[in-house]
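# A look at the structure
Okay, here's what each chain looks like letter by letter:
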Amino acid sequence: LKSNAETSKFVEVLKTTKVMNGDKLSDVTYDQLFDGDQFFTVWAPLNSSISPEEWEKYSKPDKTAAENKDVVKTFLNNHISRIKYSNDGTEKRVVTMSNKHYVMNGDSLEGAAIKESNIPCTNGIMYTLSSKLDYKMNLYEYLTSSDGPYADNLGAFLLEHTKMELNKEKSVSAGYYNENDELVYADSVMELKNPVFDEFGFLNEEDSVYNLILPLGGNWISALDSASLYYHYGVAAKADSDSLTSYKSNCALLTDAVFNMNSKMQPYYNAEKGMKLVSTKYNLTDDPAKQVQYHTYTDPFNGSKFLDKYEFIDVISCSNGNIYVCEYWPFDPFYTYAKPVVVEAEDEKNMITSQIGMTTSVLTIPSFQIGDKTYRLSEDKALIGNYNQSWSITFQAPNSLSGWNSFYAVIAPNNLAYNRRGQDAEVNKFQMSGTLLGTTYQQKQGVRAVTYSTNPEKLDTVFAGTFFLPDCYSDLAVAGLTLKFNQTLSTSATLRQREVYLDCLIVKPTTAPEN
């Protein structure tokens, strides 16, 4: 390097820039690192490719830790690799110390013309490039960039939950300890850890390709305000209520916003029939046909609009994918994060109390037909409740959301187990109420609870009222909402079937009623 006058600027930057030890400056400069016995492949840009403004930043002596880190990340490490890459004229993918993935062929590296190739050195291989490689941010870097459009919203949220951890196995020791008796690393490999990545995809990884659909940065906040209405955590969350509300609300907006573009990660990928993409939150579920019906999109990025109505006003290209920008958040909350809570009546873990003397059993039936219509029970099962008088069961409804919710009971005709005998189904009557931390929610008719009647000619979903729940219990250990189902039966109705076939109870988030 030093013997080539055309790369003297690159050499000067090596002398004035120190190897980073995490976020701290080490005592080792890059030219000292290159004088050792470690192997490197270097693509040195010619002096003419570095602008005066860049040269002033790169060659500055006594850089601060932040300035030094920026030069290391965006310039030096972007042109250096610890892997041996020989140019044999074939196309190959190379990985630099900045972890960027570039394509090299016989003539160029990622579009930068190779002037000199395969220059042998005692501890590596050197190339010269006619132009420098511009550092391209990955999705995580773009979203968290301090001067980017998402810095004060989604980016701030991601940074809040990001931790940098040193990977000692991948890092390279400099061979000595500093004054604090800490091992100095010549090449510190720091890894980002973030629970958001675990849930939606590793937006920081360069060997992956993701596409995101986001609103304009300023409109993320308005969408977040709407989501937070459903994730208002109260006393059960204790001191973590505000942080939980922020975390769950931001994640709610990401529910269908991230897509892994690797076809192997897509259960419905078929290039000939059209690319059906499942959002990352759902694309590896055990039962994709059941879980992802509202999270699958056909060719969402093939055109100028999302869902044929939300125009893409910008496409931001990053090193590991693209961000498709709509003016507003383009999803329906009731198909993404504001999902119903379904309480399976036959599941014993959902039952809190039942009336003494009452007998229950479980009916398992894949489907049943009434007239020309076929019905299917949730989970193919229903609870049969039987008692010689009226009876009640209290269920817990875990993961309920705050805000306005509608209560429903799903009841099957009460002759399913007996219809081979030609018996007619009877109307069932019941009452239903909910309790959230001691506050009872039930419609009243005067001073008495409303009694609902079922339609025996179908699998009947009976609406029991809409109520405002002040607190969210999503992912909390305790189920704050309980639902009490009361079956009402007159003792004089001796000829009526006494069984109630309760399929499930539903708590469904909704909008505020008009009145």
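Below you will find a few notes about this structure. (Residues numbered from 1 in each chain as written. Predicted model: local features only at pLDDT ≥ 70, side-chain atom pairs only at ≥ 80, totals over all residues. Heavy atoms only, no water.)

### Notes on the pattern of salt bridges
Between side chains of opposite charge, a pair can form when the charged atoms approach closely. Summed over the entire model, instances satisfying the criterion amount to 16 salt bridges. With a shortest N-O distance of 3.1 Å, K132 and E54 are connected by a salt bridge. Residue K132 is found in the loop between β9 (124-129) and α5 (139-144), and its partner E54 is found in helix α3 (residues 52-58); the two are separated by 78 residues along the sequence. The salt bridge partner of E141 is K100, with a shortest N-O separation of 3.4 Å. Of this pair, E141 sits in helix α5 while K100 sits in the loop between β5 (92-95) and β6 (101-104), and the two are 41 residues apart along the sequence. Of the two residues, E141 and K100, both sit in the buried class. In this structure, a network of salt bridges that share partners links the residues K73, K100, E141 and E206. (Salt bridge = Lys/Arg side-chain N within 4 Å of Asp/Glu carboxyl O. Helix = DSSP H or I, 4+ residues; strand = E, 2+ residues; numbered from the N terminus. Buried < 20%, exposed > 50% of the residue type's maximum accessible area, 1.4 Å probe, protein only.)

### Some details on the packing of aromatic side chains
This structure, assessed with the given rule, holds 25 aromatic pairs. Arranged with centres 4.6 Å apart and planes meeting at 40°, the rings of F301 and Y324 form a pair that is tilted. One end of the pair, F301, is in the loop between β17 (296-298) and β18 (305-306); the other, Y324, is in strand β20 (residues 321-326), and 23 residues separate them in sequence. Judged on exposure class, the residue F301 and its partner Y324 are both buried. (Phe/Tyr/Trp six-rings, centres within 6.5 Å; stacked < 30°, edge-to-face > 60°.)

### Concerning the environment of Y324
Residue classification places Y324 among the buried positions, given a relative accessible area of 12%. For Y324 and L212, which are 112 residues apart along the polypeptide, the C-alpha to C-alpha distance reads 5.9 Å. Among residues more than four places away in sequence, those in contact with Y324 are N211, L212, I213, L214, F301, F312, D314 and V315. (Contact = heavy atoms within 4.5 Å.)

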